[in-house]
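Each chain, written out:
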Amino acid sequence: MSRIGFKNRDVLTILDFSREDLELLFREAKKMEMYSKSALDILRGKVVALAFFEPSTRTMFSFQTAIQRLGGTALILSDVQRTSIAKGESLGDTIRMLDSYSNAIIIRHKIEGAATYAAEVAEVPVINAGDGTHRHPTQAMVDLYTIWRERGNIHGLTVGVLGDLKYGRAATSFILGIMKYRLRRLYLISPPELRLKSEIKEILDKYGVQTTEVSNIEDVVNELDVLYVTRIQRERFPDPAEYERVRGSYRITLKTLENVKEDLMIMHPLPRVDEILPEVDGTKYAYYFKQARYGVPVRMALLKLVLGD
Amino acid sequence: MKRELIVRKIEHGTVIDHIPAGNALNVLRILGIRGNEGFRVAVVMNVESRKLGRKDIVKIEGRELASEEVSIIALIAPTATINIIRNYEVVYKERVKLPDIIEGIVRCSNPNCITNQPKEGARPKFRVVSRDPLLLQCTYCERYTTKEDILKQFRR
Ligand SMILES: [Zn+2]
């Protein structure tokens, strides 16, 4: 991956993007914020296919809105088509069809490596809107943008990532994105059974990133500048009793936040269930709704850089 | 040279030498040789080797290995040498070599990987992360596949 810039580039994993790439994206996204309620014509005459084989209302709406704000047309694979594909046609054939109609394909799939495979099959750029358990590059871009936008800088921060670090693709992508910055500390906060996979740990090692794995949020929360929260799903635990035992310790309440830093940012890729209690929503620490709002401008910026003239 | 006395020379076939000790049966397994194919197979285990300390040897009479088979052997016996024998003479000798990228042959250990979806045409492809111990990384899903995973695939 030595290609520089975004033009016609596949967006498969956050790892492929350098800090300079991200900086360019962020500057563009900031400009796009002005157009979050009006239309541009950067994608006029262009068709972008949204191939969501796995439902995700938020990510899909966010891309769809971004395409429309840029003056492009979104070609959406409907639920009916999706289920008929699930039964018969191969992913490769569906991608070939979309490839012939569109200028870019945005794919979401539960099978790991589906986006990489789609990018091999398609001639047009492919953007991964989440595949398998650890890749979700555009979510990571939105997350990093939120910090950059709100703090002005990502270097030097102490960051904690909480939740399911083993199967959570948002958490993993966030870690692989933020490790590119010189953090003061990176805490990985999870039950022992949901720690980072060794594949991901080795990437961190390769980049020389020091992390500290902890099981209790209380031990580190007062040091944090950013706390990135993700959901812990019941089905990840072979033993439901174990799930019941740990879930409470990974829930953010007002009590958790009693002695935190004044400017702590709490983030969450949403949707949440009960890992951040609603009582936290009104505090100055809650950035997750703002983070969700940055989804459209960041995706507009990305589409502009990949597809614009 | 004493080891030559253990098993007699073969007339035609393949001698796989310098197999890391204890791996001879794994070599047979990944080659799909179970003993009921009819040709003579000699397995020598834990003999002295100047290079390896201890090594295994497999002699297969009446069968010459194809080059794809040679690269499979490299997966579990990276030090092995292949000798093709015709009329008691070594006509071809080759040290197995594990390429940096492995395509086909091995399946990804991740059942949820695109290369394990029968409907799709995605062919398994791995980057060799480490040769000893063997560690392959899928270029699609990034999951690791180990020597144990590979041996399981060939166990039937
Ligand atoms: Zn794989």
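Look a little higher up for the structure.
Residues numbered from 1 in each chain as written. Chains lettered and ligands numbered in written order. Predicted model: local features only at pLDDT ≥ 70, side-chain atom pairs only at ≥ 80, totals over all residues. Heavy atoms only, no water.

## A word on the overall build of chain B
In step 1: When its secondary structure is counted, chain B shows three helices and nine strands.
In step 2: When the helices and strands of chain B are read in sequence order from the N terminus, they spell out β-α-β-β-α-β-β-β-β-β-β-α.
In step 3: Its C-alpha atoms give chain B a radius of gyration of 17 Å, within 12% of the compact-globule value 15 Å for 156 residues.
In step 4: Reported as C-alpha extents along the three principal axes, the dimensions of chain B are approximately 50 × 30 × 25 Å.
In step 5: Counting over 156 residues, chain B shows a buried share of 48%. (Helix = DSSP H or I, 4+ residues; strand = E, 2+ residues; numbered from the N terminus. Rg over C-alpha atoms; globule rule 2.2 N^0.38 Å. Buried < 20%, exposed > 50% of the residue type's maximum accessible area, 1.4 Å probe, protein only.)

## Observations regarding the coordination of the zinc ion
All names here are of chain B.
In step 1: For the zinc ion, every protein donor is listed as Cys 108 (SG), Cys 113 (SG), Cys 138 (SG) and Cys 141 (SG), and the spread of their distances is 2.3 to 2.4 Å.
In step 2: With four donor atoms in place around the zinc ion and angles of 98 to 117° between them, the coordination shape is tetrahedral.
In step 3: Donor residues for the zinc ion sit on one chain with the sequence pattern C-x4-C-x24-C-x2-C. Placement of the pair is Cys 108 in the loop between β6 (101-103) and β7 (125-131) and Cys 141 in the loop between β8 (134-138) and β9 (144-146), with a sequence separation of 33 residues.
In step 4: Residue Cys 141 is classed as buried on the basis of its relative accessible area of 2%. (Donors = N, O, S within 2.8 Å, 3.2 Å for Na, K, Ca; no water. Tetrahedral: all angles 85-135°; square planar, octahedral: opposite > 155°, others 65-115°.)

## A few points about the nonpolar core
In step 1: Ranked by internal contacts, the top residues of the largest apolar core, which has 68 residues, are A:Ile106 and A:Leu303.
In step 2: At nine residues, the largest contribution of residues to this core is made by helix α11 (residues 295-307) of chain A.
In step 3: Mapping this core onto the domain boundaries places at least three of its residues in each of domain 1 (14-134 + 294-307) and domain 2 (137-293) of chain A.
In step 4: Other than its neighbours up to four places away in sequence, A:Leu303 contacts A:Leu43, A:Phe63, A:Ala66, A:Ile67, A:Leu70, A:Ile106, A:Ile127 and A:Gly308.
In step 5: Counting 59 residues, the second largest nonpolar core, distinct from the first, contains A:Leu77, A:Ala115, A:Val126 and B:Ala122. (Core = buried A, V, L, I, M, F, W, Y, C linked by side-chain atoms within 4.5 Å. Domains from an automatic or database assignment. Contact = heavy atoms within 4.5 Å.)

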